[in-house]
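# Structural description and commentary
So the chains spell out like this:
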Amino acid sequence: MSAASPYCLKDSPWSSHGRILRYLELWPRTARILDVGTADGYLGQALRNAGFENVVGMERDSTRAAAARAAYVEVIQSDLDRPATWSLGTYFDVIICADVLEHLSDPWAALKLLVEALEPEGRLLISIPNSGHWWVRANALCGRFPLEARGLFDRGHVRLFTWSTLRELVKQAGLEIEHCWITPIPFASMREGQAAGRLALWGEAAYCGLANVWKKLLAYQFVLSARRRTE
């Protein structure tokens, strides 16, 4: 039996989940959405709580897929690292890859196949850690690359992306970036108590303002909305 996911819903409005949920606020609640890499279903449940009626999940781990099933109208159990073996068989208005692509051995092939399942006017939402972040650079400069349960040094990360390599990934999939948001260091996830929570959110807001000036170095994660590229 697999272990429970070390991840959970990030409820800060400045987090990757907060950015994705805020972006989707203006979408019709009948939009057909695919959440790729459901883990235990926390993002699917947040979408359901927001009123979305047609959210499908996709997860390769059987235990997590079973745990997530209640949050979706359907959960497709498929190995994302073997994209040639799966077919979604339908089209989606929105496809979400929240903290997923960096865990795949071939995210380029997987993303291309996901784009094929996107409606012509659909959007693909991607969140991915920034491996050009100053903390990663500082550790590399000191000859260190620690392996941790989550975060920038998540031991499950198979691929590392900077701003330039992320843009190339999106381009190779036949997409163009519509908008890019950045996320701050997740101070809110370290909070204890209500007052500390407010301070953490203020700290995240201030960090976002600074990181927008120099996102290649300061962005903790990149969050993209992308659409099919028009030639």
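In what follows, the structure referred to is the one given above.
Quick summary incoming for the structure in this document. (Residues numbered from 1 in each chain as written. Predicted model: local features only at pLDDT ≥ 70, side-chain atom pairs only at ≥ 80, totals over all residues. Heavy atoms only, no water.)

Moving on, we come to the packing of helix 1 (residues 16–24) against helix 2 (residues 42–49). Any two packed helices are characterised by the angle at which their axes cross and by the distance between the axes. Running from amino to carboxyl end, helix 1 crosses helix 2 at an angle of 30°, the nearest separation of the two axes being 11 Å. Our classification of the angle between helix 1 and helix 2 gives roughly parallel. The crossing of helix 1 and helix 2 is right-handed. Of helix 2, the residues touching helix 1 (which contributes His17, Leu21 and Leu24) are Tyr42, Leu43, Ala46 and Leu47. Per-class residue counts for the contact of helix 1 with helix 2 are six nonpolar, one polar and no charged. (Axes fitted to C-alpha atoms, helices over the stretch in contact; angles between N-to-C directions. Helix = DSSP H or I, 4+ residues; strand = E, 2+ residues; numbered from the N terminus. Parallel < 35°, antiparallel > 145°, perpendicular 65-115°, else oblique. Left-handed = near helix turned anticlockwise from the far one by under 90°. Contact = heavy atoms within 4.5 Å. Nonpolar A, V, L, I, M, F, W, Y, C, P; charged D, E, K, R; others polar.)

Let us now look at the sheet that holds strand 6 (residues 175–183). Overall, mixed pairing links the seven strands, which are arranged 3-2-1-4-5-7-6 in an open sheet. At either end of the open sheet lies a strand with only one pairing partner, and these are strand 3 (74–77) and strand 6. The mean angle between the axes of side-by-side strands here comes to 20°, regardless of whether they run parallel or antiparallel. In the sheet, strand 1 (residues 32–36) pairs with strand 4 (residues 92–98) via three bridges, with the strands oriented parallel. What sits directly across from Asp35, in strand 4, is Ile96. Across the sheet, helix 4 (residues 107–116) is in contact with strand 1, strand 4, strand 5 (118–129), strand 6 and strand 7 (221–228); its angle to strand 5 comes to roughly 150°. (Pairing = 2+ DSSP bridges.)

As a further point, take the side chain of Asp35. Examined against the element boundaries, Asp35 turns out to sit in strand 1. The buried charged residue Asp35 lacks any salt bridge partner; its closest oppositely charged side chain belongs to Lys10, at an N-O distance of 11 Å. When residues no more than four places from it in sequence are discounted, the contact partners of Asp35 are Leu43, Gly44, Val56, Gly57, Met58, Tyr72 and Ile96. (Buried < 20%, exposed > 50% of the residue type's maximum accessible area, 1.4 Å probe, protein only. Lys, Arg positive; Asp, Glu negative; His and termini not counted. Salt bridge = Lys/Arg side-chain N within 4 Å of Asp/Glu carboxyl O.)

Once that is clear, we can look at unusual backbone geometry. The backbone phi angle of Ala39 is positive, close to 55°, even though this residue is not glycine. Considering the arrangement of structural elements, one finds Ala39 in the loop between strand 1 and helix 2. A positive phi angle is found at Asp99, which is not glycine, with a value near 60°. Positionally, Asp99 belongs in the loop between strand 4 and helix 4.

One pass over the full model with this rule turns up six salt bridges. Note that Arg60 and Asp81 form a salt bridge whose closest N and O atoms lie 3.3 Å from each other. Taken together, the residues Arg60 in the loop between strand 2 (54–59) and helix 3 (62–68) and Asp81 in the loop between strand 3 and strand 4 connect sequence positions 21 residues apart. We classify Arg60 as partly exposed; its relative accessible area is 37%. A salt bridge links Glu178 to Arg123, with the shortest nitrogen-to-oxygen separation between them at 3.1 Å. Of this pair, Glu178 sits in strand 6 while Arg123 sits in strand 5; the two residues are 55 residues apart in sequence, bridging distant segments of the chain. Judged by its relative accessible area of 11%, Arg123 falls in the buried class.

Ranked by internal contacts, the top residues of the largest apolar core, which has 46 residues, are Leu34, Leu88, Ile95, Leu114, Leu124 and Leu166. When sequence neighbours within four positions are dropped, the list of residues in contact with Leu88 reads Leu34, Met58, Ile76, Leu114 and Ala117. Formed by 21 residues, the second largest nonpolar core is a distinct cluster that contains Tyr23, Ile33, Val55 and Val94. (Core = buried A, V, L, I, M, F, W, Y, C linked by side-chain atoms within 4.5 Å.)

Taken together, the side chains of Phe145, Leu147 and Leu160 make up a nonpolar region of the molecular surface, amounting to roughly 310 Å² of accessible area. Structurally, Phe145 is set in the loop between helix 5 (134–141) and helix 6 (163–172). By relative accessible area, which is 44% here, Phe145 ends up partly exposed. (Patch = residues over 30% accessible without salt bridge, like charges linked within 9 Å, V, L, I, M, F, W, Y side chains within 5 Å. Areas by Shrake-Rupley, 256 points an atom, 1.4 Å probe, with all protein chains shown as cover.)

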